[in-house]
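Chain and residue survey
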Amino acid sequence: MKPAAREEEDEGTGFRRTRRRGCAFCRDDAPTIEYKDPQMLRYYITERGKIVPRRVSGACAKHQRAITTAIKRARNIALLPFTMND
Amino acid sequence: MSTESAQPFRHYETIYVLAPNSPTAASKKVSGRVEEIVAKEGGKLTRVENWGHRKLAYPVRKFTRGVYVYVQYQGRGMIVTELERNLRILEGVLKFQTIKLDTPKEAEAATDEDVAFEHFDPVEEEETIAAKARALGLEPRKPRNEDGEAKAADGAKDGEAEAADSAKDGEAGAADGAKDGEAKAADKAPAKTEEAKPAADAAEKTEDKS
């Protein structure tokens, strides 16, 4: 359930090789995106509380939208923070 | 209030957050009102979950904790309007949010257990003051020089570890490693305080042996 795309340093060449894994929510055993599950959603916010972008989260457009909505709902009911400043 | 309008029957869920110190009576009042409104508007409670005391992600009206109650029901849109109006009025309600469920589950008969409200004892927030003090940086901190000593000690340990590593390299046959280790240890030594020096000396001795 971690963000899918991980950047790996390719030593020597100086390039960053990215291994793109498919959307974590398009798999058959995908977890449901629920605003009531802040623990799961915490994978998709940065330590500052921002929503992780698609290029990092690796989610497809549809599921990124679902994640965004879920995070915003969770924020509204104080399950997730709007900002984190420490 | 319930008009036989064309409003379709829908499924909704509402979460409301009560103040942690709200007395059981207040909690009962809110839950009673919820039941009442849903019944009055011709709806049906399908599920009630009591999440209990949870930490809030950010302070709400100076509270850092809240009592979460999750209610799922079906009915017409008027229920939501009326319910939210009441939640706004009722005391002790910190937050509430209603979501329209787009995939209504199969209308399963809700048992009494499913729709039972729980009431939690009020909790006075003792930790709030401490948390606030920490947030504002009013917490008594360790004196500076203590920190400095701690850092110096860490540095000494690092030096030892590096020296030991390079000593092993030397044993393995590569004299270069040992020299590197010496260089590193020497580099670090000037930055260290008095305490660190004996450690560095000891490290050098080990290298000599190898």
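What counts as what
- Residues numbered from 1 in each chain as written.
- Chains lettered and ligands numbered in written order.
- Predicted model: local features only at pLDDT ≥ 70, side-chain atom pairs only at ≥ 80, totals over all residues.
- Heavy atoms only, no water.
- Helix = DSSP H or I, 4+ residues; strand = E, 2+ residues; numbered from the N terminus.
- Buried < 20%, exposed > 50% of the residue type's maximum accessible area, 1.4 Å probe, protein only.
- Contact = heavy atoms within 4.5 Å.
- Areas by Shrake-Rupley, 256 points an atom, 1.4 Å probe, with all protein chains shown as cover.
- Expected span 1.5 Å × (residues − 1).
- Pairing = 2+ DSSP bridges.
- Axes fitted to C-alpha atoms, helices over the stretch in contact; angles between N-to-C directions.
- Buried area = accessible area lost by both parts, 1.4 Å probe.
- Salt bridge = Lys/Arg side-chain N within 4 Å of Asp/Glu carboxyl O.
- Polar contact = N/O pair within 3.5 Å; in protein donor to acceptor, adjacent residues only side chain to side chain.
- Nonpolar A, V, L, I, M, F, W, Y, C, P; charged D, E, K, R; others polar.
- pLDDT = per-residue confidence, 0-100.

Along the backbone of chain A there are three helices and two strands. Sequence-ordered secondary structure for chain A, helices as α and strands as β, is β-β-α-α-α. For chain A, the residues scored as buried account for 36% of the 86 residues in total. The contacts of chain A with a sequence gap of at least 6 include a subset with a gap of at least 24, amounting to 56%.

Turning to the overall build of chain B, a few remarks are in order. Across its full length, chain B holds six helices and four strands. Secondary structure elements in chain B, listed N-terminal to C-terminal, are β-α-β-β-α-β-α-α-α-α. By residue count, 37% of the 210 residues in chain B fall in the buried class. Long-range contacts, defined as pairs at least 24 residues apart, comprise 80% of the intrachain contacts of chain B with a sequence gap of at least 6. Only carbon and sulfur atoms are counted for the fraction: they give 50% of the accessible area of chain B, which is about 13200 Å².

Residues and elements named next belong to chain B. With 13 residues, helix α2 (residues 77-89) ought to run about 18 Å at 1.5 Å a step, and its terminal C-alpha atoms sit 19 Å apart, in line with that. Turning to α2, its buried residues are G77, I79, V80, E82, L83, E84, N86 and L87. On its buried face, α2 is in contact with β1 (10-18), α1 (24-40), β3 (63-75) and β4 (93-100).

It is worth spelling out the sheet that holds β1(B) at this point. In a beta sheet, neighbouring strands pair by backbone hydrogen bonds and run either parallel or antiparallel. As summarised here, the arrangement of the four strands in space is β2-β3-β1-β4 (chain B), forming an open sheet in which the pairing is antiparallel. Each end of this open sheet is capped by a strand with a single partner; those strands are β2 (44-60) and β4 of chain B. Going across the sheet, the axis of each strand differs from the next one's by a mean of 20°, ignoring polarity. Looking at chain direction, β1(B) and β3(B) are connected through nine bridges and run antiparallel. Paired with B:L18 across the bridge in β3(B) is B:V67. Contacts between helix α3 (residues 61-76) of chain A and the sheet are confined to β2 and β4 of chain B, with β4(B) contributing the most and set at about 155° to the helix. With respect to the sheet, α1(B) is in contact with β1, β2, β3 and β4 of chain B, its orientation differing from that of β1(B) by roughly 165°.

Let's shift gears to the interface of chain A and chain B. Listed by partner, the interface residues are twelve residues for chain A and 16 residues for chain B. Both faces considered, chain A and chain B share a buried interface measuring about 1200 Å² in area, 59% of it formed by carbon and sulfur atoms. It is A:K36, A:I77 and A:A78 that lose the most area in chain A upon contact with chain B, and together they represent 47% of the buried surface on that side. The tally of links from chain A across to chain B stands at one salt bridge. For A:K36, the salt bridge is made with B:E13, and the minimal N-O distance between the two is 3.1 Å. Our enumeration of links across chain A and chain B arrives at ten residue pairs in polar contact (both at pLDDT 80 or more). The biggest single contributor to the side of chain A that touches chain B is α3(A), with three residues. In terms of residue class, the side of chain A that touches chain B is made up of eight nonpolar, one polar and three charged.

Okay, the confidence of the model for chain A next. Per-residue pLDDT for chain A has a mean of 83; in total, 76% of the residues score no lower than 70. Between the elements of chain A, mean pLDDT differs from a low of 50, seen in strand β1 (residues 6-9) of chain A, to a high of 94, seen in α3(A).

This part takes up the pattern of salt bridges. Taken as a whole and assessed by the stated rule, the structure comprises six salt bridges over all chains. Between A:K36 and A:E34 there is a salt bridge; the shortest N-O distance is 3.5 Å. Under the relative-accessibility criterion, A:K36 is labelled buried at 18%. Overall, the relative accessible area of 28% leaves A:E34 in the partly exposed class. Sharing partners across several salt bridges, the network here consists of A:E34, A:K36 and B:E13.

Okay, the environment of B:G77 next. All names here are of chain B. Counting through the fold element by element, G77 comes out in helix α2. What makes G77 buried here is its relative accessible area of 16%. With 66 residues separating them along the chain, G77 and H11 place their C-alpha atoms 9.3 Å apart. Contact partners of G77, with chain neighbours within four places excluded, come to Q7 and Y12.

This brings us to the side chain of B:T98. Residues and elements named next belong to chain B. For T98, the location among the structural elements is in strand β4. Side-chain polar atoms of T98 contact the side chain of E84, separated by 2.7 Å. Discounting chain neighbours no more than four positions away, the residues touching T98 are Y12, E13, T14, Y73, V80 and E84.

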